[in-house]
Amino acid sequence: MNFDRDSFTKKLHSLSVRQESIQSLSLWLFHYKNFASRIVETWLSELLKAQPKDKLKFIYLANDVVMQGKKKGTEYVTAFKPILAKAFHDVHKNVDDKTKSSLLRVLSIWQERHVYPSEYISSIKVSVASGDGEFSDLIHKDFGPPIHRESLFASTLHQEEEMKRLLDEVKRIDTLPPSIFNLASAEALTASTDVSAGLRIRDDTLQDIRQVVGELTAFVTSAEALKKELGRCVMQEKQGVAITQAKIQETKEKVERLRLVRTELQQHVSSLPEDDELNEDLSEQLPDADELFGTSSTATGAIRGNEPSPKVFKRASSS
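Residues numbered from 1 in each chain as written. Predicted model: local features only at pLDDT ≥ 70, side-chain atom pairs only at ≥ 80, totals over all residues. Heavy atoms only, no water.

Chemist: Honestly, the overall build of the chain in this entry has me stumped. Any pointers?
Modeler: Assigned secondary structure in the chain consists of 16 helices and 0 strands. Of all 319 residues assigned to the chain, the portion counted as buried reaches 31%. Residue pairs in contact within the chain that sit at least 24 positions apart in sequence constitute 73% of those at least 6 positions apart. (Helix = DSSP H or I, 4+ residues; strand = E, 2+ residues; numbered from the N terminus. Buried < 20%, exposed > 50% of the residue type's maximum accessible area, 1.4 Å probe, protein only. Contact = heavy atoms within 4.5 Å.)

Okay, here's the thing in structure tokens:
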């Protein structure tokens, strides 16, 4: 069974926010779950092109698919994860406040039902709230092993010192007399009596130049490597900030849920009867001591009347 992109696109265009429409297309998609990556790619492409009033239905479709994915297979749960931050950011910035609330409600449901990790959902919420569509991607990117900042800063200082030294070398070469680099002067020098001395100066100068050029080449190579490490360090720092912000968002939501539970508990406690009313109700329902322990004559007689006669025990033992 092959997946037809054009057919899926037409179905997306005719999709509505009604539950029957969403569930019908969701069921159709699970017949093609082996093409989940291509389907999600098409879904995102059409979402980004859709009018603001039509964007929420895409989110509802994704919600139904990933929720059903817990029972019917995780292909769509996996395929949707890398692009959700971009999708939610696009919808959030283009819709009204009412639709934004519906959008965040979907994320909260995923978080409560553990469709995706709580930290990941929190990062998407922070992403849409901050207007940074790459915030969530930043959290989950791999920027390599942690960088030892002290060593990196020491390397940076050494690089700066090396650059100053090489600049001094270049200035020294620049101050050499032009005759050393002049071919005509070299030929004239060869005809003179001080040939060996002149050639030695020229050879030493050329050797210095070659050495400086080699050091400059090595400097540029190490500078490029240091630049990459500095860039990676900056991204790791940004990632750390993003993770902290996501945890703060998650903590705020937990505090809000606890506040709601506390409010409900207080309302429940306030609806309970007072102690005096409870004691009165209990005193009316419980028997008094005489009835409970049989201290009255009536109760004693009733108890005695219920005792079996010795003859009964004799018959029982004889039998």
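From this point on, the discussion continues.
Chemist: Please explain helix α3 (residues 36–49) as it appears in this structure.
Modeler: Helical geometry: 3.6 residues make up each α-helical turn, so side chains three or four residues apart lie on a common side. In this model, α3 (14 residues) spans 20 Å end to end at C-alpha, consistent with the 20 Å of a helix rising 1.5 Å per residue. Residues Ala36, Ile39, Val40, Thr42, Trp43, Leu44, Glu46 and Leu47 constitute the buried set of α3. Those residues of α3 that are buried lie in contact with α1 (5–14), α2 (19–30), α4 (55–72), α5 (75–80) and α6 (84–94). (Expected span 1.5 Å × (residues − 1).)

Chemist: What am I meant to see in the nonpolar core here?
Modeler: The nonpolar side chains of a soluble globular protein tend to be buried with one another. Counting 47 residues, the largest nonpolar core has Trp43, Phe80, Phe88, Trp110 and Tyr116 as its most contacted members. Ranked by the residues each element gives to this core, the list is headed by α4, at 8 residues. In contact with tyrosine 116, not counting residues within four places along its chain, are Val66, Tyr76, Val77, Phe80, Lys81, Leu84, Trp110 and Ile121. (Core = buried A, V, L, I, M, F, W, Y, C linked by side-chain atoms within 4.5 Å.)

Chemist: Looking at this structure, how should I read unusual backbone geometry?
Modeler: Trans is the common state for peptide bonds, and a negative phi is the common state for residues other than glycine. Of note in the backbone geometry, histidine 114 takes a positive phi value of approximately 60° without being a glycine. Its place among the elements puts histidine 114 in the loop between α7 (97–112) and α8 (118–130). The exposed category is assigned to histidine 114, whose relative accessible area is 65%.

Chemist: What should I look at first to understand the pattern of salt bridges in this one?
Modeler: Note on pairing: side chains with opposite charge can pair once their charged atoms come close. Applying the stated criterion across every chain yields a total of 11 salt bridges. Of the charged contacts, one joins arginine 105 and glutamate 112 as a salt bridge, the two residues approaching to 3.6 Å between their closest N and O atoms. A relative accessible area of 44% means that arginine 105 is categorised as partly exposed. Since its relative accessible area comes to 43%, glutamate 112 is described here as partly exposed. (Salt bridge = Lys/Arg side-chain N within 4 Å of Asp/Glu carboxyl O.)

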